[in-house]
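Architecture and fold: a report
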Amino acid sequence: MRIAQIAPLYESVPPHLYGGTERVVSYLTEELVARGHHVTLYASRDSRTTARLRSVCERALRLEDGPLPCPLAPHVLQAEVVAREAAEFDIVHSHADFLLFPHIRHRAIPAITTLHGRLDMPDMFSLFREFSDMRLVSISEAQRNPMPWASWTATVYHGIPESLYVPQHGQGDYLAFLGRVSPEKGLPCAIEIARRAGMLLRIAAKVDPVDKEYFEQVIRPLLNQPHIEFLGEISEDQKSEFLGDARAVLFPINWPEPFGLVMIESLACGTPVIAFPRGSVEEIVQDGVTGFVVKNVEAAAEAVKRIPQISRSRCRTIFEERFSVRRMCDDYLKVYEQVIEEHARGALSGAGCIAGPGE
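These figures come from a predicted structure and were not determined experimentally.

Remarks on the nonpolar core
The biggest cluster of nonpolar side chains holds 87 residues, and the ones touching the most others in it are Leu-201, Ile-203, Ile-274 and Tyr-336. With 8 residues, helix α12 (residues 325-349) is the single largest residue contributor to this core. Those residues within four positions of Tyr-336 in sequence are excluded, and the remaining contacts are Met-1, Ile-3, Gln-5, Leu-28, Leu-32, Ile-91, His-93 and Ile-112. Membership of the second largest hydrophobic core comes to 26 residues, among which are Phe-101, Met-147, Ala-150 and Trp-152.

As structure tokens, this is what we get:
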């Protein structure tokens, strides 16, 4: 199969440090190539891949010196390049939000778009109603909740390579927090959970420029407590030990998380997750089996005491069954085949694959 993978340009594929979407694109691309498919990856030139690489910018936009340049320009250019070359592929798989929508419609490109972000923003609704002919893939059922009427083709959970993380034994006497320092990630709650549980909290977190003020005003004053160790942003190579040695990973989010890679990374290491029931959490964490889903800080602190009830080997097994890159790739290939077949039927009927509203 000839497949185009379209990545956002903010991070390389895979990213050097933080970057969930770009990592998923990398895992899927490499698995498709390993299975013998002919894949072209549209991404920044500093990306690393066994696929054919097509680039419109030299390096990831987040790595540019000084203020971030206009990010829309290279993305629009990439969309045009993809559209021009779309006839080379059996399927185009976009991970770049809605930037390809007009091209997909007007050039009748066989395509799917995986939406990686939150959708609970009303100003987006009119756009998705206009482009109701796009084939969309959600990354959790919860992600669909703000727009159940959108043209969903499938839900495909993220997956990561089984060899990426080595199961550990949780011998480090600490709780872990991994992710971004931002209001929605609930770091103050994690700090309070650890304090109430009487445990060290090790924090491996990125601070984006947009969140610097929040970090300085809200988070930094909390880091002086004796039970806190702030590590900053860590690399992919450091994650296995960091997550695997933790007693549990805290995920006290206060927003509708579309997926949450941290949760499956933790399970891959055999480490249970303690999380608040928002967004995709209850689709990923099985309460009492791979961790605990709790409603507040007090319940989370109590759940820490019950962590020995959770089988770390069972956490790893469930990861392998539900969240491996093999399973993710299998699911996407089924979607690709469905779309290619539908496009062929449309071409034979003379109607084309996609028709806009009212056409």
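Section: the sheet that holds strand β10 (residues 228-230)
With respect to topology, 6 strands assemble into an open sheet ordered β10-β9-β8-β11-β12-β13, the strand pairing being parallel. Each having just a single partner strand, β10 and β13 (291-293) make up the two edges of the open sheet. Between one strand axis and the next, the sheet turns through 20° on average, direction left out of account. Where strand β9 (residues 200-206) lies against β10, 3 bridges are found, and the strand directions are parallel. Paired with Ile-203 across the bridge in β10 is Phe-230. The strands touched by helix α7 (residues 236-244) are β8 (174-180), β9 and β11 (248-251); relative to β8, the strand with the most contacts, the crossing angle is about 140°.

Notes on the pairing of β9
As a general feature of sheets, a regular strand has side chains that alternate between the two faces. For β9, the tally of buried residues reaches 6 of 7 residues, placing the bulk of the element in the interior. Both β8 and β9 contribute to a ladder of 7 bridges, which runs parallel. By the bridge assignment for β9, Phe-177 is matched with Ile-203. For the crossover that starts at β8, traverses helix α5 (residues 187-197) and ends in the parallel β9, the hand is right-handed. In this fold, the crossover linking β9 to β10 by way of helix α6 (residues 212-219) has right-handed handedness.

Points about the sheet that holds strand β5 (residues 111-114)
The sheet built from 7 strands is open, its strands ordered β3-β2-β1-β4-β5-β6-β7 with parallel pairing. Of all the strands in the sheet, just β3 (52-54) and β7 (152-155) have a single pairing partner and so form its edges. The mean angle between the axes of side-by-side strands here comes to 25°, regardless of whether they run parallel or antiparallel. Where strand β4 (residues 91-94) lies against β5, 3 bridges are found, and the strand directions are parallel. In the sheet register, His-93 faces β5, and the bridge partner there is Ile-112. Together, β1 (2-6), β2 (38-42) and β4 form the strand contacts of helix α1 (residues 20-34), whose direction differs from that of β2 by roughly 155°.

Some words on the packing of helix α8 (residues 261-268) against helix α11 (residues 312-322)
Angle between the axes and distance between the axes: these two values describe a pair of packed helices. Direction vectors running N to C along α8 and α11 enclose 125°, while the axes themselves pass 7 Å from each other. What the angle tells us is that α8 and α11 run oblique. Contacts between α8 and α11 involve Ile-264, Leu-267 and Ala-268 from the first element and Cys-315, Arg-316 and Phe-319 from the second.

Re the packing of α5 against helix α10 (residues 297-305)
Two elements in contact, α5 and α10, have axes whose closest approach is 8 Å; the angle formed by their N-to-C orientations is 50°. Between α5 and α10, the interaxial angle falls into the category oblique. In this structure, α5 meets α10 at a crossing whose hand is right-handed. Contacts between α5 and α10 involve Cys-189, Glu-192, Ile-193, Arg-196 and Ala-197 from the former and Val-297, Glu-298, Ala-300, Ala-301 and Val-304 from the latter. Here the residues of the contact of α5 with α10 are counted per class, giving 7 nonpolar, no polar and 3 charged.

So, how was this worked out
- Residues numbered from 1 in each chain as written.
- Predicted model: local features only at pLDDT ≥ 70, side-chain atom pairs only at ≥ 80, totals over all residues.
- Heavy atoms only, no water.
- Core = buried A, V, L, I, M, F, W, Y, C linked by side-chain atoms within 4.5 Å.
- Buried < 20%, exposed > 50% of the residue type's maximum accessible area, 1.4 Å probe, protein only.
- Helix = DSSP H or I, 4+ residues; strand = E, 2+ residues; numbered from the N terminus.
- Contact = heavy atoms within 4.5 Å.
- Pairing = 2+ DSSP bridges.
- Axes fitted to C-alpha atoms, helices over the stretch in contact; angles between N-to-C directions.
- Right-handed = clockwise from strand over helix to strand, strands pointing away.
- Parallel < 35°, antiparallel > 145°, perpendicular 65-115°, else oblique.
- Left-handed = near helix turned anticlockwise from the far one by under 90°.
- Nonpolar A, V, L, I, M, F, W, Y, C, P; charged D, E, K, R; others polar.

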